[in-house]
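# Remarks on the overall topology
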Amino acid sequence: SSVALDIVVAFQDIRYADQTKNVGTTLSSSNGVTDVVITAAPPSGVLRVIQSISVCNRDNTATETVRIYYDESGTEFDIIQVDLAGGDQLYYEDQ
């Protein structure tokens, strides 16, 4: 992506030991050069549940390719790849 895309990830962390739940949000932008980690791995003993992902192309002139994948110890598992036209948004919400 040559245009910075706005990325918002909402998640809930659940501790295995006592089922304590905490919510969090990660804000980031693509950099047009390298892959961007949109949310880090949870701490040990914690399950991270992704509640929503939003990727927004605010540039009205450029179409940008977005690829979201899961990285398991260096192995990439594709989730989705889509071209976002200017002004478009990719949105995922857990149900």
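Everything below is about the structure shown above.
Quick look at the structure, then. (Residues numbered from 1 in each chain as written. Predicted model: local features only at pLDDT ≥ 70, side-chain atom pairs only at ≥ 80, totals over all residues. Heavy atoms only, no water.)

## Some thoughts on the nonpolar core
Applied cut-off: In these notes, a set of buried Ala, Val, Leu, Ile, Met, Phe, Trp, Tyr and Cys residues joined through side-chain atoms within 4.5 Å is what counts as a nonpolar core. Relative accessibility decides the category of a residue: with a 1.4 Å probe and only protein chains considered, values under 20% of the type maximum give buried, values over 50% give exposed, and everything between is partly exposed. In this description a helix means any DSSP run of H or I spanning at least four residues, a strand means any run of E spanning at least two, and both kinds are numbered starting from the N terminus. Residue contacts are defined here by distance: any two heavy atoms, one from each residue, within 4.5 Å place the two residues in contact.
One finds Leu 5, Ile 7, Val 9, Ile 38, Ile 53, Val 55, Val 66, Ile 68, Leu 84 and Leu 90 forming the largest nonpolar core, which totals 10 residues. Secondary structure elements with two or more residues in this core: strand E1 (6-15), strand E3 (46-56) and strand E4 (64-72). Residues contacting Val 9, with those up to four places away along its chain left out, are Gly 24, Thr 25, Thr 26, Ile 38, Thr 39, Ile 50, Ser 52 and Ile 53.

## Digging into unusual backbone geometry
Residues other than glycine seldom take positive phi values, yet Gln 19 does so here, at roughly 65°. Tracing the chain through its elements places Gln 19 in the loop between E1 and strand E2 (21-29). In this structure Gln 19 comes out as partly exposed when scored by relative accessible area, which is 48%. For Ser 73, which is not glycine, the phi dihedral falls at a positive 55°. With respect to the secondary-structure elements, Ser 73 resides in the loop between E4 and strand E5 (75-84). Residue Ser 73 is classed as exposed on the basis of its relative accessible area of 72%.

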